[in-house]
Amino acid sequence: MSEPEQVVEHAEAPVAPVAPEDDRGGLARGRRVVLAVVGGAALMAVGGLLATTLVKSPAQVAAETGPPAQGVLTADVERRVLAQTLVMRGTVVADQSVAVSPQGMRSGEGTGAALVTKLPLKAGDPVTAGQLIAEVSGRPVFTLHGAQPMYRDLKPGASGDDVAQLQQALRELGHGTGGDAKGVFGAGTKAALAARYRAIGYEPLPAVADGGAALKSAREAVRSATWAVEDASSPTGSVGAPAEGGSSKGGATPGPGATASPGSGGSGSGSGSGRELARARQALGEARAALVAAEAADGPMLPAAETVFLGSFPARVSSVGARAGSAVSGPVLTLSGGELVVEAHLKDDKRQLLRAGMTVVISSELAGTDVRGTVAVVATERSAAQPAGPQPQQDPGQNPKGGGSGGTGGGADLGYRMVVRADQPLPAGFAGQDVRLTVESAATDGEALVVPVTAVSAGADGRTVVTAVSADGTQRRIEVRTGTSGDGFVAVAPARAGALAAGTKVVIGVAPRETRGKAK
């Protein structure tokens, strides 16, 4: 074929179509999507592989972990005074608390239901000796200084320690008792008592409520007996005045001016006149003795319901339980006197551990102070809370608290009453506070070796030992004798002198020590 023909054939060969620009861009995007899918699958596969190597089931973890190695807990032996302490709560109260319940008050006009007619005081008011604190049915109730409570009415002629206390209380208020003997209610005590009643604006009740009839009758008897002696002693009427009907007890009576001469028939008359005179003088003596007795019994009395004795002043009104116009059905008011003490009630377990004389720390959280004191009283009988409502009268006029009194009394059982006295007077602001009491029920005699109670163990041979640990971890058992225990510690003494010293470490328990990975 000639060259022109070849050229022609080449020119006529078909020409491949050229792809558009948009088709090339779509192919590129498809390749990128495929690559992204493949990469994500690869990442997921790698993540799953890592998860299978790092995440373990609880069973697998337990299987791969061995028991931890054991270690010991130790504590140092101390040398100090060890005290066994008991902690409880108590209330600061006055040493003497008296519930004033004037039952059986009587006025001069009669006896009716006792009503409160005046209450001049309110809770918190101070009270002094001799002060009027209430009026019941028109009669006063006032205070006096004394430790012995009133248990009977005191009347002229009475005697005893309570009378002596009354005399002393009246003298302290400036009312002298004259020449009365100590403990004898005589004329001087009557005058002093009447003066005290007048000082508070009242008249005392008479000891003999007859309007003076007995005294008047005794005086008239003395006057009549005196006249009889005078008549019997008269020369003109030696045998006495003629009786009605013209005869006397001795028979016929001589006329006026008649005399009996010796040796005459009138000798019997002379003997009769002597007897009449002797009898008249005897009657006069008896009448005079009766008058003395009547005068001694007459005068003012002190009813038990009208007086409250307190051991010290000033006192204060703790509470008021009545109002003017109300009937007396319980304590009208309660007085507190004396130094402040702490009162607590013990259950059986603590009662057996405590006794009078033990050291106490009184802690006031409100004041932030601690005061040392001593257990003064631990009651031997249980106490009970007073039930609600009117209470029966125990002692006329007052009902003081006692340290050893007990019994259920119908109220809730409180336990055994304990009283703590502070070594120094408690501040007045402590009154009524709830405080913490820390009682040292036992203590070592001076310093002793002390270890935690968990450090002491008993072997099969019955010996009591502690286990000492040296610096290199070596352990050795040391036999000891135990003593006072308290607050989780116990005093010990080594059976062999010098075997145990302060600062030695002793085993008090076993604790696990953390380990990493499998135990080998």
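Residues numbered from 1 in each chain as written. Predicted model: local features only at pLDDT ≥ 70, side-chain atom pairs only at ≥ 80, totals over all residues. Heavy atoms only, no water.

Bringing the pairing of strand β13 (residues 359–364) into the picture now. Within β13, 5 of the 6 residues are buried, which leaves the element mostly enclosed by the surrounding structure. Bridge analysis of β13 against strand β14 (residues 369–384) gives 6 bridges, and the strand direction is antiparallel. Looking across to β14, one finds that V360 is bridged to G373. What sits between the antiparallel neighbours β13 and β14 is a turn of 4 residues, in which G368 has the positive phi angle 70°. As judged from the 5 bridges shared by β13 and strand β17 (residues 434–443), these two strands associate in the antiparallel manner. Counted as the bridge partner of T359 is E440 from β17. (Buried < 20%, exposed > 50% of the residue type's maximum accessible area, 1.4 Å probe, protein only. Helix = DSSP H or I, 4+ residues; strand = E, 2+ residues; numbered from the N terminus. Pairing = 2+ DSSP bridges.)

This part covers helix α5 (residues 187–199). Along its 13 residues, α5 runs 19 Å from first to last C-alpha, staying within 8% of the 18 Å computed at 1.5 Å per residue. Listed as buried for α5 are G188, T189, K190, A192, L193, A194, R196 and Y197. Looking at the residues trailing α5, positive phi occurs at G201, about 90°. (Expected span 1.5 Å × (residues − 1).)

Turning our eyes to something else, we now look at helix α6 (residues 213–233). An α-helical segment advances 3.6 residues per turn. Residues three or four places apart therefore align on the same side. Across its 21 residues, α6 extends 30 Å between first and last C-alpha, which sits within 8% of the 30 Å expected from 1.5 Å per residue. Looking only at α6, the buried set comprises L215, A218, V222, A225, V229 and A232. Buried residues along α6 cover an arc of 115° about the axis, so they all sit on one side. (Arc of directions from axis to C-beta.)

On to the packing of aromatic side chains, then. Per the stated rule, a full pass over the model turns up 1 aromatic pair. Sitting over the ring of Y416, R351 keeps its end group 5.6 Å from the ring centre. (Phe/Tyr/Trp six-rings, centres within 6.5 Å; stacked < 30°, edge-to-face > 60°. Lys NZ or Arg CZ within 6 Å of the ring centre and 35° of its normal.)

For the rest of this paragraph, the subject is the sheet that holds strand β10 (residues 307–310). Taken in spatial order, the 4 strands make up an open sheet running β4-β6-β7-β10, and their pairing is mixed. Each end of this open sheet is capped by a strand with a single partner; those strands are β4 (116–118) and β10. Strand-to-strand twist in this sheet, taken as the mean axis angle between neighbours without regard to direction, amounts to 30°. Of the strand pairs in this sheet, strand β6 (residues 132–136) and strand β7 (residues 139–145) are connected by 4 bridges, and their pairing is antiparallel. If you follow A134 over to β7, its bridge partner there is V141. With respect to the sheet, helix α4 (residues 161–172) is in contact with β7 and β10, its orientation differing from that of β7 by roughly 90°. (Axes fitted to C-alpha atoms, helices over the stretch in contact; angles between N-to-C directions. Contact = heavy atoms within 4.5 Å.)

Counting all residues, the mean pLDDT for the protein chain is 79, and 75% of those residues have values of 70 or more. Across the protein chain, element-level confidence peaks in α4 with a mean pLDDT of 96 and bottoms out in strand β8 (residues 247–248) with 37. Below a pLDDT of 50 lies the segment residues 237–269, which in the model reaches 15 contacts outside its immediate sequence neighbourhood of four places, other chains included. Across residues 388–409, where pLDDT falls below 50, the model places 52 contacts with residues more than four positions away in sequence or in other chains. (pLDDT = per-residue confidence, 0-100.)

Looking now at the nonpolar core. Ranked by internal contacts, the top residues of the largest apolar core, which has 23 residues, are I362, M418 and L437. Elements that contribute at least two residues to this core include exactly β3 (83–101), β12 (333–346), β13, β14, β16 (413–422) and β17. With residues up to four places along the chain from it excluded, the contact list for M418 reads M88, V342, E343, A344, L346, L354, V375, V377, V378 and L437. By size, the runner-up hydrophobic cluster in this structure holds 20 residues, among which are V116, L121, I133 and V328. (Core = buried A, V, L, I, M, F, W, Y, C linked by side-chain atoms within 4.5 Å.)

By the element assignment, E135 lies in strand β6. By relative accessible area, which is 11% here, E135 ends up buried. The sequence separation of E135 and L115 amounts to 20 residues, and the corresponding C-alpha distance is 8.7 Å. Within the local environment of E135, its side chain forms a polar contact with the side chain of Y202, the two groups lying 2.3 Å apart. (Polar contact = N/O pair within 3.5 Å; in protein donor to acceptor, adjacent residues only side chain to side chain.)

Okay, unusual backbone geometry next. P314 follows F313 through a cis peptide bond whose omega is 0°. Summarising the element assignment, P314 is placed in the loop between β10 and β11 (315–320). Positive phi is not limited to glycine here, since S137 has a value of about 55°. Mapped onto the elements, S137 comes out in the loop between β6 and β7. Note on S137: relative accessible area 23%, which makes it partly exposed. At D487, a residue that is not glycine, the phi angle is positive and equals roughly 55°.

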